[in-house]
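# Architecture at a glance
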Amino acid sequence: MTFAHVQEAQDFLAQNPDIEAFELFILDANGVPRGKLLHRDELLAVYQSGRPLPSTILGLTIHGEDVEDSGLVWDVGDIDCRAYPLAGSLVRLPWRQMPTAAVQVSMHPSEGMPATIADPRHVLIQVIDALKADGYHPVMACELEFYLLDQQRDAHGRPQPALDRDGGRPRSTQVYGLRELEQIEPFLADLYAACKAQGIPARTAISEYAPGQVEITLEHGDALQAMDQAVRYKRLVKGVAHRHGMQACFMAKPFDHLAGTGMHMHVSLADAEGRNLFASDDPAGTPLLRLAVGGMLESLLDSLLLFCPNANSYRRFQANSYAPLAPTWGIDNRTVSLRVPGGPANTRHIEHRICGADANPYLAAAAILAGIHRGIREEIDPGAPVTGNGYAQATEFLPTDWLTSLRALERSSWAHEALGQEFLGVYLAVKRAEYRQFMAEVGEQDWRWYLTQA
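What you see is a predicted model, and the numbers here were worked out from it, not measured in a lab. (Residues numbered from 1 in each chain as written. Predicted model: local features only at pLDDT ≥ 70, side-chain atom pairs only at ≥ 80, totals over all residues. Heavy atoms only, no water.)

### Notes on the overall build of the protein chain
Condition: Helix numbers and strand numbers start at the N terminus; a helix is a DSSP run of H or I with at least 4 residues, a strand a run of E with at least 2. To get the radius of gyration, use the C-alpha atoms; to get the globule rule, take the number of residues to the power 0.38 and multiply by 2.2 Å. Burial here depends on accessible area, computed with a 1.4 Å probe over protein chains only, as a share of the maximum for the residue type. Under 20% is buried, over 50% is exposed, and the range in between is partly exposed. Two residues form a contact once any of their heavy atoms are found within 4.5 Å.
Scanning the protein chain from terminus to terminus reveals 13 helices and 15 strands. Over its C-alpha atoms the protein chain spans a radius of gyration of 22 Å, differing by no more than 12% from the 22 Å that the globule rule assigns to 454 residues. Split into buried and exposed, the 454 residues of the protein chain put 58% on the buried side. Taking the contacts inside the protein chain whose residues are at least 6 apart along the sequence as the reference set, 72% of them involve residues at least 24 apart.

This is the structure in structure tokens:
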């Protein structure tokens, strides 16, 4: 792994004399950024010799609590593990009141042990390296949906859409509505400006399928770089929304009666010269694309916990909702889980529509790419693409509960080999702890009711 050179920090300090503090963060298994706030004088040392972080930082539940079974707590004495900055991640945070910048770090392969094995970014790198060793260079992009919510709850204590620019509150869906985008123009203007300042290629914005729901696409590129950008973009959206008195919500299903929130992942494979290996005048793509689809479908159940990591994630699965329901694929068809969009031959790719917006981009991408690699190696035929209404034709369905997905990942020999047994040992320990806590809080009867409230 290549880390940033100290010259990057020296140049940044010289060009930004007003910056007083630096957010140093690493992404945990749940996709939560965790770290420290450093004084300006501490930055150069991070680039020169890394920064010690406790081993437990990559073995926490979504609530930020230690998981003793992870092997990163008492067994190792919560040892300090060294993390180093990622090149290009040192950026200003324009929404902060105090002049602040951020730098993303990752665990060093040796100095970061034992936490290195639990670093989600390392998992993705290992999967990408395996593909590249066979001559395939993955290209990816993210589409992240989110709700813009008021920071104040309604009279019943429930979350509600944020006020529009004109003082009204969104009440109707108005998918693709232009007025709806105009009403949040101050937020969008600051968001695009912040993306430009941070080098994040934010592109098309649309009003999504619920009041206050928005989607902005990110430009495709190298898979690792694209997921780095998705991680920083998510942090950026939340920060800019907060600055505007709103809350950006990436929960998979925050409202019973409204659309869920997804993270669509676009993926293709290129050769060493950057030529798209899925490119074809045939709308179904090349034979290689079919094998990629076959591998993703074959690996879907084993991977589902990485795409849908929380109890709430499974409330998103319902018919006629533009969310997936079954292990299906199709050509330019939004009623299936894996869609091959239309467009010019050189743009041919697969849109993976299964992930909730609550998924960790690194882990979701790793599972997708590992599934693709499996399909190519084992020459898995995906069968005929679905035409027409995929919801009506489904005969096999995705699990609609957390425990089924957890057990599938536990039992998957393919996932343990593709994603790393040591990593999955930590990840599954975290997920088991979260599941036990959730069940203790809601109870079996309420859990069954919870699942039906999609």
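There is more to say, and it comes next.
### Description of the domain arrangement of the protein chain
Stated formally: Those domain boundaries reflect an automatic or database domain assignment. Buried area is a sum: the accessible area each of two parts loses on coming together, probed at 1.4 Å, counted once for each and added. Whenever Lys or Arg places a side-chain nitrogen within 4 Å of a carboxyl oxygen from Asp or Glu, that contact is recorded as a salt bridge. In protein, a polar contact requires one atom able to donate a hydrogen and another able to accept it; more generally it is a pair of N or O atoms within 3.5 Å, and residues adjacent in sequence count only if both atoms are side-chain atoms.
Taken domain by domain, the protein chain consists of domain 1 (6-118) and domain 2 (127-419). A separation of 27 Å is found between the C-alpha centroids of domain 1 and domain 2. Of the residues lining the interface, 18 residues belong to domain 1; the matching set on domain 2 comes to 15 residues. Taken together, the two surfaces of domain 1 and domain 2 that pack against each other cover about 1,300 Å², and 54% of this comes from carbon and sulfur. When the buried area of domain 1 at its contact with domain 2 is split by residue, Leu27, Trp95 and Gln104 rank highest and sum to 43% of it. Joining domain 1 to domain 2, the criterion identifies one salt bridge. Residues Glu23 and Arg235 are paired through a salt bridge, measuring 2.8 Å at the closest nitrogen-oxygen approach. Taken together, the links from domain 1 to domain 2 amount to eight residue pairs in polar contact (both at pLDDT 80 or more). Among the secondary structure elements, those contributing two or more residues to the side of domain 1 that touches domain 2 are β1 (21-27) and β5 (91-92). Broken down by element, the residue count for the side of domain 1 that touches domain 2 peaks at three residues, all from β1.

### What to know about the packing of aromatic side chains
Our working rule: Stacked, edge-to-face and tilted labels apply to pairs of Phe, Tyr and Trp rings (six-membered ring for Trp) whose centres lie within 6.5 Å, assigned for plane angles under 30 degrees, over 60, and everything in between, in that order.
Evaluation of the coordinates by the stated rule reveals nine aromatic pairs. Ring geometry for Phe3 versus Tyr84: centroids 5.4 Å apart, planes at 35 degrees, classification tilted. Residue Phe3 is located in the segment before α1 (6-15), and its partner Tyr84 is located in strand β4 (residues 80-85); the two are separated by 81 residues in the primary sequence. Ring centres of Phe146 and Phe250 lie 5.5 Å apart, and the angle between their planes is 40 degrees; this geometry places the pair in the tilted category. Within this pair, whereas Phe146 is found in strand β7 (residues 137-150), its partner Phe250 is found in the loop between β11 (246-249) and β12 (263-270), the two being separated by 104 residues in sequence.

### Some thoughts on unusual backbone geometry
With omega at 5 degrees, the peptide bond leading from Met113 into Pro114 counts as cis. In this structure, Asp78 takes a positive phi of about 45 degrees despite not being glycine. Assignment of secondary structure puts Asp78 in the loop between β3 (51-54) and β4. Asp78 sits in the partly exposed class, given a relative accessible area of 31%. Of note, the phi angle at Glu379 is positive, near 50 degrees, even though the residue is not glycine.

### Points about the confidence of the model for the protein chain
Our working rule: A score from 0 to 100, pLDDT tells how confident the predictor is in each residue.
The share of residues in the protein chain with pLDDT of 70 or more is 96%, and the mean pLDDT across the chain is 92. In the predicted structure, residues 450-454 sits below a pLDDT of 50 and forms twelve contacts with residues beyond four places in sequence or in another chain.

### Quick word on the side chain of Thr261
Along the chain, Thr261 falls in the loop between β11 and β12. Ignoring anything within four residues of it in the chain, the contact list for Thr261 reads Glu145, Phe146, Tyr147, Gln213, Met251, Ala252, Pro254, Arg316, Gly356 and Ala357.

### What about the environment of Ala241?
With respect to the helices and strands, Ala241 occurs in helix α6 (residues 223-243). By relative accessible area, which is 0% here, Ala241 ends up buried. Not counting residues up to four positions away in its chain, the partners in contact with Ala241 are Leu148, Phe187, Met246, Gln247 and Ala248.

### Regarding helix α9 (residues 361-378)
As a reminder of what qualifies: Expected helix span is computed as 1.5 Å times (number of residues minus one).
The end-to-end C-alpha distance of α9 is 26 Å, a good match for the 26 Å that 18 residues give at a rise of 1.5 Å each. Summarising burial for α9: 16 of the 18 residues are buried, a large majority. Where α9 starts, the residue carrying a side-chain oxygen 2.9 Å from the main-chain nitrogen of Tyr362 turns out to be Asn360. At the C-terminal side of α9, Glu379 shows a positive phi close to 50 degrees.

### Looking at the packing of helix α8 (residues 300-307) against helix α11 (residues 402-411)
Quick note on the threshold: To get an axis, a line is fitted to the C-alpha atoms, and for a helix only the part in contact is used. The angle between two axes follows their N-to-C directions and goes from 0 to 180 degrees. For classification purposes, an angle smaller than 35 degrees is called roughly parallel, one larger than 145 roughly antiparallel, one from 65 to 115 roughly perpendicular, and anything else oblique. Less than a right angle of anticlockwise turn of the near helix away from the far helix marks a crossing as left-handed, whereas a clockwise turn marks it as right-handed. In this classification, Asp, Glu, Lys and Arg are treated as charged, Ala, Val, Leu, Ile, Met, Phe, Trp, Tyr, Cys and Pro as nonpolar, and every other residue, Gly included, as polar.
For the pair α8 and α11, interaxial distance at closest approach is 7 Å and the crossing angle is 120 degrees. Between α8 and α11, the angle is such that the two are oblique. By crossing handedness, the relation of α8 to α11 is classed as left-handed. Contacts between α8 and α11 involve Leu301, Asp302, Leu304, Leu305 and Leu306 on the former and, on the latter, Trp402, Ser405, Leu406, Ala408 and Leu409. For the contact of α8 with α11, a count of residues per class yields eight nonpolar, one polar and one charged.

### Brief notes about the pairing of β3
For clarity, the cut-off: Only strands that DSSP links by at least two bridges are regarded as paired with each other.
Residues of β3 alternate between two faces, with Arg51 and Leu53 buried on one and Pro52 and Pro54 left unburied on the opposite face. Bridge count between β3 and β4: four bridges; the pairing is antiparallel. Bridge assignment links Pro54 to a residue of β4, and that residue is Asp80.

### Observations concerning the pattern of salt bridges
Enumeration over the complete set of coordinates arrives at 24 salt bridges. The residue Glu219 makes a salt bridge to Arg203 at a minimum N-O spacing of 3.2 Å. Of this pair, Glu219 sits in the loop between β9 (213-218) and β10 (221-222) while Arg203 sits in strand β8 (residues 202-207), and the two are 16 residues apart along the sequence. Residue classification places Glu219 among the partly exposed residues on the basis of a relative accessible area of 30%. Ionic pairing is found between Glu351 and Arg339, a salt bridge with its closest N-O pair at 2.7 Å. Of this pair, Glu351 sits in strand β15 (residues 350-352) while Arg339 is found in strand β14 (residues 338-340), placing the two residues twelve residues apart along the sequence.

### Side note on the nonpolar core
Condition: We define the nonpolar core as a collection of buried residues of types Ala, Val, Leu, Ile, Met, Phe, Trp, Tyr and Cys that are connected through side-chain atoms lying within 4.5 Å of one another.
With 100 residues, the main nonpolar core has Met140, Phe187, Tyr233, Met265, Phe307 and Leu369 as its most contacted residues. Residue assignment places this core across two domains, with domain 1 (6-118) and domain 2 (127-419) each supplying three or more. Setting aside chain neighbours within four positions, we find Phe307 in contact with Leu300, His352, Ile354, Cys355, Gly356, Ala359, Ala364, Ala367 and Ile368. Formed by 27 residues, the second largest nonpolar core is a distinct cluster that contains Leu13, Leu53, Cys81 and Ala101.

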